[in-house]
2 protein chains.
Amino acid sequence: EYFYKVLFFPDEKYPCLFYSWKGGCDAANCPYAHTETNFKILGDYLYSAKQSLDVCVYTISSSVLCNIILDVHETGVLVRIIVDDESDNFTGSMIQKLRENGIQLRTDKSSFLMHHKFVIIDQEVLINGSFNWTRSAITANNENVLITNQPNLVKPYKGEFDKLWKTFAPK
Amino acid sequence: EYFYKVLFFPDEKYPCLFYSWKGGCDAANCPYAHTETNFKILGDYLYSAKQSLDVCVYTISSSVLCNIILDVHETGVLVRIIVDDESDNFTGSMIQKLRENGIQLRTDKSSFLMHHKFVIIDQEVLINGSFNWTRSAITANNENVLITNQPNLVKPYKGEFDKLWKTFAPK
Ligand SMILES: [Zn+2]
Ligand SMILES: [Zn+2]
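Note that this is a predicted model, so its numbers are computed, not measured.

(A) Structural detail: the interface of chain B and chain A. Taken together, the contact between chain B and chain A spans 29 residues of the former and 29 residues of the latter. Between chain B and chain A, the buried area comes to about 2600 Å², and carbon and sulfur atoms account for 62% of it. Interface area lost by chain B to chain A is led by Tyr 4, Phe 8 and Asn 142 of chain B, which between them contribute 23%. For the side of chain B that touches chain A, the secondary structure elements donating two or more residues are strand S1 (4-9), strand S5 (117-121), strand S6 (125-129), strand S7 (143-148) and helix H6 (151-167) of chain B. Top contributing element to the side of chain B that touches chain A by residue count: H6 of chain B, with six residues. Class assignment of the residues belonging to the side of chain B that touches chain A gives a composition of 15 nonpolar, 11 polar and three charged.

(B) Fine view of the coordination of the zinc ion (ligand 1). The zinc ion (ligand 1) binds to the protein through Cys 16 of chain A (SG), Cys 25 of chain A (SG), Cys 30 of chain A (SG) and His 34 of chain A (NE2), with metal-donor distances spanning 2.1 to 2.4 Å. The site at the zinc ion (ligand 1) holds four donor atoms, and with the angles between them running 103 to 115 degrees, its shape is tetrahedral.

(C) Expanded view of the coordination of the zinc ion (ligand 2). All names here are of chain B. Taken together, Cys 16 (SG), Cys 25 (SG), Cys 30 (SG) and His 34 (NE2) make up the full set of protein donors to the zinc ion (ligand 2), lying 2.1 to 2.4 Å away. Considering all four donor atoms around the zinc ion (ligand 2), the spread of angles at the metal, 103 to 116 degrees, places the coordination shape in the tetrahedral class. Sequence spacing of the donors to the zinc ion (ligand 2): C-x8-C-x4-C-x3-H. What makes Cys 16 buried here is its relative accessible area of 1%. Of the residues examined, Cys 25 reaches a relative accessible area of 19% and is grouped as buried.

(D) How the structure looks around the packing of aromatic side chains. Under the defined criterion, the tally for this structure stands at 16 aromatic pairs over all chains. Ring centres of Tyr 14 of chain B and Tyr 32 of chain B lie 6.3 Å apart, and the angle between their planes is 55 degrees; on these two criteria the pair is classed as tilted. With a gap of 18 residues between them, Tyr 14 of chain B in the loop between S1 and helix H1 (17-21) and Tyr 32 of chain B in the loop between H1 and helix H2 (38-47) connect regions that are remote in the sequence. Arranged with centres 6.2 Å apart and planes meeting at 65 degrees, the rings of Trp 21 of chain B and Phe 39 of chain B form a pair that is edge-to-face. With Trp 21 of chain B in helix H1 and Phe 39 of chain B in helix H2, this residue pair connects regions lying 18 residues apart in the sequence. No difference in accessibility class separates Trp 21 of chain B from Phe 39 of chain B, as the two residues are buried. Through pairs of rings, three or more aromatic residues link up here, namely Phe 8 of chain A together with Phe 118 and Tyr 157 of chain B.

(E) Molecular detail of the relation of the copies chain B and chain A. For the match of chain B to chain A, the screw axis carries a shift of 0.0 Å, the RMSD comes to 0.0 Å, and the turn is 180 degrees. Such a combination of rotation and displacement between the chain copies is what one expects of a two-fold axis. When you check the interface residues of chain B against chain A, 100% turn up at the interface there too, and the contact is symmetric in its surfaces.

Calculation notes
Residues numbered from 1 in each chain as written. Chains lettered and ligands numbered in written order. Predicted model: local features only at pLDDT ≥ 70, side-chain atom pairs only at ≥ 80, totals over all residues. Heavy atoms only, no water. Contact = heavy atoms within 4.5 Å. Buried area = accessible area lost by both parts, 1.4 Å probe. Helix = DSSP H or I, 4+ residues; strand = E, 2+ residues; numbered from the N terminus. Nonpolar A, V, L, I, M, F, W, Y, C, P; charged D, E, K, R; others polar. Donors = N, O, S within 2.8 Å, 3.2 Å for Na, K, Ca; no water. Tetrahedral: all angles 85-135°; square planar, octahedral: opposite > 155°, others 65-115°. Buried < 20%, exposed > 50% of the residue type's maximum accessible area, 1.4 Å probe, protein only. Phe/Tyr/Trp six-rings, centres within 6.5 Å; stacked < 30°, edge-to-face > 60°. Least-squares fit on C-alpha atoms with pLDDT ≥ 70 in both.

Quick look at the structure:
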């Protein structure tokens, strides 16, 4: 009745955005993957959001993941993001771009790490694992992502998100 | 029938090893926690290993976690550890100490990150999450740990461990 999906990285290739989610790729020698990579599967889950997408990750520096969030936001899904306050300064950080596009974003306010890497889709599906939202997490590092709608797992992460969202509210 | 346990960090205090796992603490003003902290619960799971403990984590620099591994190893449990090859050089790294105590340890051989943070106990229980085995993960960072014996989750991580263990074998 409940589903359990586990993805391991690295993928061999970065996914082709056009092929994967934009209706097709016309490039003659497209260097990106035109196959069902692990990242393609992860992206499909993110795109499946209908009401809400709660993202709680250390940093977001992958432009593909940033684009997916912006696409989902544009369909009217309520997107909320929590990242580490230092992630603004990381190379390739997408934080400012997300803010500029009107996405609600909060950060911790400590020198310690907001080190989570989890996402909750429509309050029902949990994505969790070692995967930071960086480019190297996709095609270089050894990483894992666990996806499930098992309520005994989803519920505590929902509670943690709501707790941190309140804790990190602007004063 | 299957269990699902989720722990969130930081804990307020570092656990007292004596109180938690050595039969009691006699210190008059012990600065460590004499309560059921999240770390105490995590440690109890690690100590529950009877046959095997497979640890696949980015780095091990927490002396408490190192001590638990050595204790478990001493009871005759087969301990296998995979860490990132750079973790040897991190401040407070416990890698050399684990090696010197006869524990089987393998590393990746790339400039990319072996970024997993999972453990398999007796081939039956999975521990996974954002938690690196560092001191700051326990009482400083925001971290999560998910523990379950759900076979649909345990099985793929067992496969990943075995795959990496072979891949990282000494030539
Ligand atoms: Zn393409
Ligand atoms: Zn004590």
